[in-house]
Amino acid sequence: MSNKRVRLPVPVTSERIALKARNVSFSWEGTPLHWVPGDPFASHTINVLHLLLPAGERWFVHVYQQVLPHIRDERLREDVIGFIGQEAMHSQAHDEVLPHLRELGLDPTPYTAQVDWFFEKLLGDRTLPPGRPRRWWLMERVALIAAIEHYTAFLGDWVLNAEELDRRGADPTMLDLLRWHGAEEVEHRSVAFDLFMHVDGGYGRRVRTWAAAFSALMFLWQRGARFFMENDPTLLDGRATFRDFHVRGRRGVLPSTGAMARSIPRYLSRSYHPSREASTAQAVAYLETSPAAVAAAAAGKGGR
């Protein structure tokens, strides 16, 4: 199944780490709706992750369970199994925020229904004949996940370094969720790309699926931010514009548009490999101090 003509980009070996799922949990009782104090737009733009990620990560797991039989490299198989475990835990952790949002007067169901349709129907399994058509659809989805994971790693690296959120007094529980998740995204940032290169690796497919993934993510994210702002019970005229995003990026409470733009040619470079993005050492260092991850590790030791 692999493309023998593709010359694989060279990974940074020291950035690889054995992956494990951390069974974390968070308590949301004290987290306000506007968890970035005085900034509903920044709060809600990031809150979209709680609506977008669970469905997406369940879809990742479903697709990867289908591709597992095609993996011939045992080390990569171990990485993919570790990836599946981490993504399943991410989905659960973000899902647990949704009841808290409802308690605060913001029911996300209309938006989550659209996201579920996108991943389960538009990108879900199709009734295709065996052979080339079925393989094509599986490879398309594997490539889409690789493109999406480029941006989840980008966001993970950003939130680990978003010191302005600390200076603004952002809610510590929400920050821990985002940084725990972001650190694990950095940990496993190479897996989706390595899997794509292993089973297909076509450059044309990489470019095409990047364009589809980037467009879909931008559409869903702006739609989610607008949904939150328009349905926030504390706002009289909640709006979400690209200018709002750009300004918050310059202030450091959201990713900057410039950094996002610069990430595009890196992914599209033929020499791209995710191990050259972000820092595994920084991710591991955070996971060793994350309140939720530390509590999960302690609970695991206590249960032995």
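As the structure is a computational prediction, the values presented were derived from the model and not from experiment. (Residues numbered from 1 in each chain as written. Predicted model: local features only at pLDDT ≥ 70, side-chain atom pairs only at ≥ 80, totals over all residues. Heavy atoms only, no water.)

Novice: Quick rundown of the pattern of salt bridges? Include the residues and the values.
Specialist: Enumeration according to the criterion identifies 19 salt bridges in this entry. Salt-bridge contacts for Arg 208 lead to Glu 140; the nearest nitrogen and oxygen are separated by 2.3 Å. Placement of Arg 208 in helix α9 (residues 203-231) and of Glu 140 in helix α5 (residues 132-160) is noted, with a sequence separation of 68 residues between them. On the basis of relative accessible area, Arg 208 is assigned to the partly exposed category, the value being 41%. Across the pair Arg 168 and Glu 164 runs a salt bridge, and its minimum N-O distance is 2.8 Å. Residues joined in a network through salt bridges with shared partners are Arg 135, Glu 140, Asp 200, Arg 205 and Arg 208. (Salt bridge = Lys/Arg side-chain N within 4 Å of Asp/Glu carboxyl O. Helix = DSSP H or I, 4+ residues; strand = E, 2+ residues; numbered from the N terminus. Buried < 20%, exposed > 50% of the residue type's maximum accessible area, 1.4 Å probe, protein only.)

Novice: Explain the nonpolar core to me, using residue names and the numbers behind them.
Specialist: Judged by nonpolar contacts, the single largest core of 98 residues is most densely connected at Trp 59, Tyr 64, Val 80, Leu 165, Trp 180 and Leu 195. The biggest single contributor to this core is α5, with 16 residues. For Trp 180, the contacting residues outside a window of four places in its chain are Arg 22, Val 24, Phe 26, Met 89, His 90, Ala 93, Tyr 286, Leu 287, Ser 290 and Ala 293. (Core = buried A, V, L, I, M, F, W, Y, C linked by side-chain atoms within 4.5 Å. Contact = heavy atoms within 4.5 Å.)

Novice: An account of the confidence of the model for the chain is needed here, citing residue identities and associated values.
Specialist: Model confidence for the chain is summarised by a mean pLDDT of 93, while 96% of its residues fall at 70 or above. Of all helices and strands in the chain, the one with the weakest mean pLDDT is helix α13 (residues 291-302) (81), whereas helix α6 (residues 163-167) scores best (98). Between residues 1-6, whose pLDDT stays under 50, and residues either more than four places distant or in other chains, the model counts 14 contacts. (pLDDT = per-residue confidence, 0-100.)

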